[in-house]
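# Summary of structural features
Listed below, chain by chain, are the residues.
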Amino acid sequence: MQETEDQGAAEQVARDALRRRFPQGADRLEAYAGILRNRGIEWGLLGPREADKVWSRHISNSLALVDVLGQGVDAADIGSGAGLPGIPLALCRPDLRVVLLEPLLRRFNFLNIAVEELGLADQVEVQRLRAEDCDEVFDAVICRAVAPLEKLLKWTTPMFFPDGELLALKGAGAEEEIAKAGKRLNGYQLTAQVLQVRAAPEVEGTRAIRVIKSI
């Protein structure tokens, strides 16, 4: 019971903090949270226990990249799933162009419906495609909970090399992933660093790996 109450409080704190931080996107963030809590769970994109963690875990984690991405960049969200992190970022950064890459049909259909309902069709494109099959080049490749860094580099380096960057939301094992990917990083002449990122002061921060061409 206490755990449920604590989670409910954390969810409310995150919701209020993100609505204050992003007033221009607040109403559509609210609509997206509703989509995740309902259709996202019904379609199996989020687990049933995630309904009370949409703001505190999923949206806040995605928006941790909001201040890292440059102005007006083209970004590809690979393995987008339920649209995380691409959709929250697009809702709060209208200057971004975002392409959501998702190879699975059910998720692809979900993303198209969400983009249409949220009024993002002029800013966000959905492609049913694996990252390794994409032949476009972007300013930034972004992702959340997709694969270890070494695999991400194998799939995505052609998508951002040489002038762009990879921004991968990660957890406590970020440094270990960088170490394991050292040979591939060196082979591609890339540099990786861990960023401490946070969507708003009141919400829990997270970590991201940034990969760019070595100088």
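Every chain is numbered on its own, with residues counted from 1 as its sequence reads. The predicted origin of the model limits local features to residues at a pLDDT of at least 70 and limits the giving and counting of side-chain atom pairs to 80 or more, whereas totals for whole chains, interfaces and linings rest on all residues. Calculated side-chain values reflect all of the structure's heavy atoms, with hydrogen atoms and water omitted.

Stated precisely, the cut-off is as follows: UniProt positions are given in the numbering used here, feature names are shortened, and annotations may be inferred rather than shown by experiment.
Naming follows an unreviewed UniProt entry, where the protein appears as Ribosomal RNA small subunit methyltransferase G of Arachnia rubra. Per UniProt, the comment on the protein under Subcellular location (unreviewed entry) is "Cytoplasm". Under Function (unreviewed entry), UniProt gives the following word-for-word description of the protein: "Specifically methylates the N7 position of a guanine in 16S rRNA."

## So, the UniProt feature "binding site: S-adenosyl-L-methionine" (unreviewed entry) in the protein
Our working definition: Numbering of helices and strands runs from the N terminus, with a helix taken as a DSSP run of H or I at least four residues long and a strand as a DSSP run of E at least two residues long. Only protein chains enter the accessibility calculation, which uses a 1.4 Å probe. A residue is then buried if its area is under 20% of the maximum for its type, exposed if over 50%, and partly exposed in between. Contacts are assigned to residue pairs that have any heavy atoms within 4.5 Å of one another.
On the UniProt side, "binding site: S-adenosyl-L-methionine" (unreviewed entry) is annotated at positions that read Gly79, Leu84, Ala131, Glu132 and Arg144 here. Mapped onto the fold, Gly79 is located in the loop between strand E1 (74-78) and helix H4 (86-92). The exposure class of Gly79 is partly exposed, given its relative accessible area of 32%. Apart from residues no more than four positions distant in its own chain, Gly79 is found in contact with Leu101, Glu102 and Val146. Among the structural elements, Leu84 can be located in the loop between E1 and H4. Leu84 gets classed as buried once you look at its relative accessible area, which sits at 7%. When sequence neighbours within four positions are dropped, the list of residues in contact with Leu84 reads Tyr32, Leu36, His58, Ser62, Asp77 and Arg144.

## Quick look at the packing of aromatic side chains
Put simply, the rule is: Only centres within 6.5 Å qualify two rings of Phe, Tyr or Trp (six-membered ring in Trp) as a pair; their planes then separate them into stacked at under 30 degrees, edge-to-face at over 60, and tilted for everything else.
If you walk through the whole model with that rule in mind, you get one aromatic pair. Here Trp43 and Phe110 contribute two aromatic rings whose centre-to-centre distance is 6.0 Å and whose plane-to-plane angle is 65°, an arrangement assigned as edge-to-face. Taken together, the positions of Trp43 in the loop between helix H2 (26-42) and helix H3 (54-62) and Phe110 in helix H5 (residues 105-117) put the pair 67 residues apart, joining distant regions of the chain. Judged by its relative accessible area of 27%, Trp43 falls in the partly exposed class. Relative accessible area serves as the criterion here: at 0%, Phe110 is assigned to the buried category.

## Comments concerning the pattern of salt bridges
The cut-off we apply is this: One side-chain nitrogen of Lys or Arg within 4 Å of one carboxyl oxygen of Asp or Glu is enough to make a salt bridge.
One pass over the full model with this rule turns up 19 salt bridges. Ionic pairing is found between Arg39 and Glu117, a salt bridge with its closest N-O pair at 3.1 Å. In this pair, Arg39 is assigned in helix H2 and Glu117 in helix H5, connecting sequence segments 78 residues apart. By sharing partners, the salt bridges in this structure join Arg15, Asp16, Arg19, Asp27 and Glu30 into a single network.

## Description of the nonpolar core
Note the cut-off: By nonpolar core we mean a set of buried residues, namely Ala, Val, Leu, Ile, Met, Phe, Trp, Tyr and Cys, connected to one another through side-chain atoms within 4.5 Å.
In terms of nonpolar packing, the biggest core is built from 52 residues, with Leu36, Ile59, Leu63 and Ile87 touching the most fellow members. Looking at this core, the element that brings in the most residues is H2, giving six residues. Beyond its immediate stretch of four places on either side in the chain, Ile59 contacts Leu18, Leu29, Tyr32, Ala33, Leu36, Val54 and Pro88.

## Details of the packing of H2 against H3
Selection rule: Under this scheme, a helix contributes an axis fitted over its contacting stretch, all axes are lines through C-alpha atoms, and angles between N-to-C directions fall in the 0 to 180 degree range. Here the word oblique covers every angle except those under 35 degrees (roughly parallel), over 145 (roughly antiparallel) and from 65 to 115 (roughly perpendicular). Take the far helix as your reference; a near helix turned counterclockwise from it by less than a right angle gives a left-handed crossing, and one turned clockwise gives a right-handed crossing. Three categories are distinguished: nonpolar for Ala, Val, Leu, Ile, Met, Phe, Trp, Tyr, Cys and Pro, charged for Asp, Glu, Lys and Arg, and polar for the others, with Gly belonging to the last.
Two elements in contact, H2 and H3, have axes separated by 11 Å at closest approach and are oriented at 115°. One finds that H2 runs roughly perpendicular with respect to H3. Pair H2 / H3 crosses with right-handed handedness. Of the residues in H3, those in contact with Leu29, Glu30, Tyr32, Ala33, Leu36 and Arg37 of H2 are Val54, Trp55 and Ile59. Residues that form the contact of H2 with H3 fall into these classes: seven nonpolar, no polar and two charged.

## Some remarks on H5
To be explicit about the condition: A helix's residues, less one, multiplied by 1.5 Å, set its expected span. Directions are taken from the helix axis to each C-beta atom, and the arc is the one they span.
Between its first and last C-alpha, H5 extends 18 Å over 13 residues, near the 18 Å set by a 1.5 Å rise per residue. Taken together, the buried positions of H5 are Phe108, Phe110, Leu111, Ala114 and Val115. Each buried residue of H5 sits inside an arc of 160° when the element is viewed along its axis, so together they form one side. Within two residues after H5, Gly119 carries a phi angle of roughly 70°, on the positive side.

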